[in-house]
Amino acid sequence: MSQPSATQALSKLESILGMAIFDRHARGLRITPEGATLLPAIQRAVEALQVLAKDTVEVTQGAVGVVRIAGISAASTSVLASVMPTLMLEHPELWIEYQEVDAQRISELCRDDMADLLLCRSSVDVPENYEFVSLLPDQNCVYCSYEHPLSGISELTLESCIPFTWVLPPRDTASHVAFTQWCESQSVQPKIARISTRAFPVIIEMVRKFGMLYFGPRSHMYPLEAAQLRRLNLQVNGELAEIGYLRRCEVRNPAVRQVISYLAHWTETSSPTQPSLMASGFEASTHGLRPLRP
């Protein structure tokens, strides 16, 4: 946008609001106290217009329905990686917009109506006019390489794992807290790698190259389980909240209702809670996501 166009747009906005958003001075502009108060709402309005523009383009390109989905990383690996390819094959008329977000952003996205479905854990604060629908349970597990000395041992305890170094998820995650509490309850002090991460490439390198153990949610590790890493037969303390999605109590968009129906069918027939997939390490996810756009 050129400077004259921006100045004209700003003047129109100030005229609509009936107040000055910026003070003009010799060296430029300075935001007013009123402008600073309104700035977050203005930014949300601009974002909403950008969403409208994208949806309009997608509809003109042939999409019958646009569904905006946001989800945490554990939901990306345990739900979306399995659901999305088949959903898009069976319903090519849908246009799916998916973004991976931190759990802390879920409430913000609900408040600003920036997503139709929000994949998260049941521990989330459910906003007014929303409901949480459960999809699958989750649990913390311990992983190692197939060449690790503990691989294949039928009975293990935390104490038998103490000689090895552990890689953990970030400190602000429920799994990291659960690991700390687990060790404190057993009065053990394990060796911890000086890196905490959920990045698959880093986890694989640390576990396979340096013989470390990884502690984290099974939902996050489905793509690696059996294919590249081995889940140890170890009873782990600390439960994790179920994975599911937030939706508005009243869903008017037919495309969103279609995705909700498909998720319900997936949960009943082929989710990773089914024994065959649990045993094989969620093989369906190893195919990855097919391109959503031509």
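It should be emphasised that the depicted structure is a prediction, and the values quoted were computed from it without experimental measurement. Every chain begins its residue count from 1, and numbering advances along the sequence as written. Restriction of local features to residues with pLDDT of at least 70 applies here, the model being predicted, together with a cutoff of 80 or more for giving and counting side-chain atom pairs; totals for whole chains, interfaces and linings are based on all residues. Side-chain numbers here rest on the full set of heavy atoms in the structure, without hydrogens or water.

Colleague: I tried to follow the environment of glutamate 128 on my own but got confused; where do I start?
Modeller: Helical segments are the DSSP runs of H or I of at least four residues, strand segments are the runs of E of at least two, and each set is numbered from the N terminus. With respect to the helices, strands and loops of the structure, glutamate 128 is situated in the loop between β5 (117-121) and β6 (130-144). The buried label goes to any residue with under 20% of its type's maximum accessible area, the exposed label to any with over 50%, and the partly exposed label to all in between, with areas taken from a 1.4 Å probe on protein chains only. What makes glutamate 128 exposed here is its relative accessible area of 69%. With 17 residues separating them along the chain, glutamate 128 and arginine 111 place their C-alpha atoms 9.5 Å apart.

Colleague: Even after reading the chapter, I still don't get the pattern of salt bridges, so can you show me in this structure?
Modeller: A side chain with one charge can pair with a side chain of the opposite charge if their charged atoms come near. For this analysis, a salt bridge means a side-chain nitrogen from Lys or Arg found within 4 Å of a carboxyl oxygen belonging to Asp or Glu. What the rule picks out here adds up to 12 salt bridges. Glutamate 205 is the salt-bridge partner of lysine 209, the closest N and O atoms lying 3.0 Å from each other. Of this pair, lysine 209 and glutamate 205 both sit in helix α7 (residues 200-210), separated by four residues, roughly a single helical turn. In this structure lysine 209 comes out as exposed when scored by relative accessible area, which is 57%.

Colleague: Any chance you could explain unusual backbone geometry here in plain terms?
Modeller: Both trends apply: most residues other than glycine have a negative phi, and most peptide bonds are in trans. Within the chain, aspartate 113 stands out as a residue other than glycine whose phi angle is a positive 55 degrees. Mapped onto the elements of the fold, aspartate 113 is located in the loop between α4 (106-111) and β5.

Colleague: Please clarify how the nonpolar core should be interpreted in this entry.
Modeller: One recurring pattern in soluble globular proteins: nonpolar side chains tend to sit buried together. For this analysis, a nonpolar core means a set of buried residues of the types Ala, Val, Leu, Ile, Met, Phe, Trp, Tyr and Cys, connected via side-chain atoms within 4.5 Å. If you look at the biggest cluster of nonpolar residues, it comprises 28 residues, and the most contacted ones within it are Val79, Leu87, Ile96, Leu117, Leu135, Val259 and Leu263. The dominant element in this core, judged by the number of residues it contributes, is helix α3 (residues 73-90), at eight residues. When checking whether two residues touch, look at their non-hydrogen atoms; a contact exists if any pair is within 4.5 Å. Setting aside residues up to four positions removed in sequence, valine 79 forms contacts with Leu135, Leu136, Ile243, Leu263 and Trp266. In terms of nonpolar packing, the next biggest core, distinct from the first, is built from 18 residues, Leu156, Trp166, Trp182 and Leu232 among them.

Colleague: Explain the packing of aromatic side chains to me, please; I cannot follow it from the model alone.
Modeller: For any pair of aromatic rings, the description consists of the separation of the ring centres together with the inter-plane angle of the planes. Centres within 6.5 Å make a pair out of two Phe, Tyr or Trp rings, where for Trp the six-membered ring is used; the pair is then stacked when the planes are under 30 degrees apart, edge-to-face when over 60, and tilted otherwise. If you walk through the whole model with that rule in mind, you get five aromatic pairs. With centroids separated by 6.3 Å and ring planes inclined at 75 degrees, the aromatic side chains of phenylalanine 179 and tryptophan 182 adopt a geometry described as edge-to-face. Residue phenylalanine 179 and its partner tryptophan 182 are located together in helix α6 (residues 174-186), separated by three residues, close to a single helical turn. The same class applies to phenylalanine 179 as to tryptophan 182, namely buried. The structure contains a cluster of three or more aromatic residues connected by ring pairs, namely Trp166, Phe179, Trp182 and Phe215.

Colleague: Could you clarify how one ought to interpret the environment of arginine 198 in this entry?
Modeller: Positionally, arginine 198 belongs in the loop between β8 (191-196) and α7. Between the C-alpha atom of arginine 198 and that of proline 170, which follows or precedes it by 28 residues, the distance is 7.2 Å. Leaving out residues up to four positions away in the same chain, arginine 198 has contacts with Ser73, Asp102, Pro169, Pro170, Thr173, Ile203, Tyr214 and His220.

Colleague: In this structure, what is going on with the packing of α3 against helix α9 (residues 254-269)? I would like to understand it.
Modeller: Helix-helix packing: each pair is described by the crossing angle between the helix axes and the interaxial distance. Throughout, an axis means a line fitted to C-alpha atoms (over the contacting stretch in the case of helices), and angles, computed between N-to-C directions, take values from 0 to 180 degrees. Closest axis-to-axis distance for the α3/α9 pair is 11 Å, and the angle between their directions is 120 degrees. The orientation of α3 with respect to α9, classified from their angle, is oblique. In the crossing of α3 with α9, the sense of the turn from one axis to the other is right-handed. From α3, Ser78, Val79, Ser82, Val83, Thr86, Leu87 and Glu90 reach across to α9, where they touch Val259, Tyr262, Leu263 and Trp266. Note that the term roughly parallel is reserved for angles under 35 degrees, roughly antiparallel for angles over 145, roughly perpendicular for angles of 65 to 115, and oblique for everything else. Here a crossing is called left-handed whenever its near helix is offset anticlockwise from the far helix by less than a right angle, and right-handed whenever the offset is clockwise.

Colleague: Explanation requested: the UniProt feature "domain: HTH lysR-type" (unreviewed entry) in the protein chain in the structure shown.
Modeller: UniProt positions are given in the numbering used here, feature names are shortened, and annotations may be inferred rather than shown by experiment. As recorded in UniProt, the feature "domain: HTH lysR-type" (unreviewed entry) lies at residues 1-32. Regarding residues 1-32, the helix share stands at 47% and the strand share at 25%, and the terminal C-alpha atoms are separated by 23 Å.

Colleague: What am I meant to see in the environment of histidine 176 here?
Modeller: Residue placement: histidine 176 occurs in helix α6. Placed 41 residues apart in sequence, histidine 176 and proline 217 show a C-alpha to C-alpha distance of 9.8 Å. Polar contact is the term for a pair of N or O atoms within 3.5 Å; when the atoms are in protein, one must be able to donate a hydrogen and the other to accept it, and sequence-neighboring residues count only if both atoms are side-chain atoms. At 2.8 Å, the side chain of histidine 176 forms a polar contact with the backbone oxygen of proline 169.

Colleague: How should a nonpolar patch on the surface be read in this particular structure?
Modeller: Like charges are joined within 9 Å and nonpolar side chains (Val, Leu, Ile, Met, Phe, Trp, Tyr) within 5 Å, but only among residues with over 30% relative accessible area and no salt bridge; these make up the patches. Each accessible area is a Shrake-Rupley estimate made with a 1.4 Å probe; only the visible protein chains count as cover when residues are assessed. Together, Ile16, Leu17 and Met19 make up an exposed nonpolar region whose accessible area comes to about 280 Å². Its place among the elements puts leucine 17 in helix α1 (residues 3-17).

Colleague: Would you mind going over the pairing of strand β1 (residues 22-25) with me for this structure?
Modeller: Residues in a regular strand project their side chains so that they alternate between the two faces of the sheet. Here β1 runs beside strand β2 (residues 28-31); their pairing, made up of four bridges, is antiparallel. Residue pairing for β2: aspartate 23 is matched across the bridge by arginine 30. At least two bridges found by DSSP between two strands is the condition for calling them paired.

Colleague: I would appreciate a short explanation of the state of the cysteines in the present structure.
Modeller: In a disulfide, the sulfur atoms of two cysteines are held together by a covalent bond. Two cysteine sulfurs form what is called a disulfide whenever their separation falls within 2.5 Å. Overall, the coordinates contain zero disulfides when judged by the stated rule. Free of any disulfide, cysteine 161 has its nearest cysteine sulfur in cysteine 144, 8.7 Å distant.

Colleague: Help me understand the pairing of β6, please; the structure alone is not making it clear to me.
Modeller: Note: β6 against strand β11 (residues 239-248), eight bridges, orientation antiparallel. What sits directly across from valine 133, in β11, is tyrosine 245.

Colleague: Teacher, can you tell me more about the side chain of histidine 220 here?
Modeller: Relative to the helices and strands, histidine 220 resides in helix α8 (residues 218-221). Given a relative accessible area of 5%, histidine 220 falls into the buried group. Only 2.8 Å separates the side chain of histidine 220 from the backbone oxygen of arginine 198, close enough to count as a polar contact. Ignoring sequence-local partners within four residues, the contact set of histidine 220 consists of Ser73, Ala74, Thr77, Arg198, Phe200 and Tyr214.

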